[in-house]
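The primary structure of each chain is shown beneath.
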Amino acid sequence: MKQVSLVLFGLFLLVYILPLGYLPLTIPDETRYGEISREMRASNDWVVPRLNGLKYFEKPVLGYWVNAFSMTLFGENAFALRIPSALSVILTALMIFLLVQRFSGQGVAPALSPAIFLTCPLVLVLGRISILDSPLSLFLTGAMICFFFGCMAETGARKTMFMVMTGVFCGLTFLTKGFLAFAVPALTVAPFLIWERRFKDLLKTSWIPMVTAFFILFPWALMIHLREGDFWNYFFWTEHIARFVDPVNGQHPKPFWYFLPALIGGALPWVVQSPAAFSRIWKEERRNPLFRFALCWFIFPFLFFSTCTGKLIPYILP
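First, a word on what this report is: a plain description of the structure on this page. Treat the numbers as computed from the prediction; the structure is a model and nothing was measured. (Residues numbered from 1 in each chain as written. Predicted model: local features only at pLDDT ≥ 70, side-chain atom pairs only at ≥ 80, totals over all residues. Heavy atoms only, no water.)

### So, the overall build of the chain
Thinking step 1. Scanning the chain from terminus to terminus reveals 15 helices and two strands.
Thinking step 2. Its C-alpha atoms give the chain a radius of gyration of 20 Å, near enough to 20 Å, the size a compact globule of 318 residues would have.
Thinking step 3. For the chain, the C-alpha atoms occupy an extent of roughly 60 × 45 × 40 Å along the three principal directions.
Thinking step 4. Accessible surface, the chain as shown: approximately 16100 Å² in total, 71% of it carbon and sulfur.
Thinking step 5. Put simply, the chain has 26 plus and 17 minus side-chain charges, and the middle of one group is 10 Å from the middle of the other. (Helix = DSSP H or I, 4+ residues; strand = E, 2+ residues; numbered from the N terminus. Rg over C-alpha atoms; globule rule 2.2 N^0.38 Å. Areas by Shrake-Rupley, 256 points an atom, 1.4 Å probe, with all protein chains shown as cover. Lys, Arg positive; Asp, Glu negative; His and termini not counted. Charge placed at Lys NZ, Arg CZ, Asp CG, Glu CD.)

In structure tokens:
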């Protein structure tokens, strides 16, 4: 395990970290997120995002805070803007390792799982550019894994602790990209608990993450409302509802099947082995809660994103 860990860490440094500062920033995404963060530092206004002095309401504020902090450490350069995405990838891989080691710690599975994740082309590409999808995926992964740890906890105190951590990650997800913080976990957790016949837990455990997430996001949500009264109307209706249902006014309209080739290409070469692996796992592991949770995590968010009218390839990363 130590040897495998060293190899994975070396792979991460070589493939993810070293190239960050050498390629020019891409237009429009990287330059946009970098400029918003730079203007936050210059204006010392940490509540209202601005791009070229104009209010920018498409995303919440956490991603810009992280970029601004990175600029403070490393300067205003490409490396500073991209290192949060790369670190998000390695932390996500670490979470996957901890999940598999705890609940399926047999053979090479704990080492192979993060290795597969780190070498998927979609993860590799998005982990080396400055957009919000890798941090978003980190926080969503944290929320999902903490919830599963809580579900499997043997004591009430541990269950409560993990449910609070789930809420913390949901709050951070919301501050990164909005209401996906609640949609993706709900679409996974509800089918999983129903499959496990844990109907009481649908209500008993959900309130702790919701309350915790509220306390995480409330301070900035209130400040932006007091400063910019039209923010929530635009952010909720235009950036979420219209993008989901409106093929005319929504952004990036794509057909229902759009994410299928994105998934296949983004998971090469591992997707080639998936049919054979799945048939065996279904026979041997279908009663395993970890397998059921992972399957719900894959199917229902995938259908949700496919149903959404507006689509971009990075959306599928979580």
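### Some words on helix 9 (residues 180-195)
Thinking step 1. The terminal C-alpha atoms of helix 9 lie 23 Å apart, and with 16 residues this matches the ideal 22 Å at 1.5 Å per residue to within 8%.
Thinking step 2. Along helix 9, the residues that are buried comprise Leu180, Ala181, Ala183, Val184, Pro185, Thr188, Val189, Pro191, Phe192 and Leu193.
Thinking step 3. Contacts made by the buried residues of helix 9 are with helix 7 (133-152), helix 8 (156-177), helix 10 (201-204) and helix 15 (289-307).
Thinking step 4. Once helix 9 ends, the next one or two residues include Arg197, with phi positive near 60°. (Expected span 1.5 Å × (residues − 1). Buried < 20%, exposed > 50% of the residue type's maximum accessible area, 1.4 Å probe, protein only. Contact = heavy atoms within 4.5 Å.)

### Some words on the pattern of salt bridges
Thinking step 1. Under the definition given, this model contains 12 salt bridges.
Thinking step 2. The salt bridge partner of Arg227 is Asp45, with a shortest N-O separation of 2.8 Å. Here Asp45 lies in the loop between helix 2 (29-43) and strand 1 (50-51) and Arg227 lies in helix 11 (residues 207-227), a separation of 182 residues in the sequence.
Thinking step 3. The partly exposed category is assigned to Arg227, whose relative accessible area is 42%. (Salt bridge = Lys/Arg side-chain N within 4 Å of Asp/Glu carboxyl O.)

### Some details on unusual backbone geometry
Thinking step 1. Cis rather than trans, the peptide bond between Ile27 and Pro28 has omega equal to 10°.
Thinking step 2. Tracing the sequence through the fold places Pro28 in the loop between helix 1 (2-17) and helix 2.
Thinking step 3. In this structure, the amide linkage connecting Leu268 to the following residue, Pro269, adopts the cis form with an omega of -5°.
Thinking step 4. Positive phi is not limited to glycine here, since Asn52 has a value of about 55°.
Thinking step 5. On the secondary structure map, Asn52 appears in the loop between strand 1 and strand 2 (54-55).
Thinking step 6. A positive phi is found at Arg197, a non-glycine position, where the angle reads about 60°.

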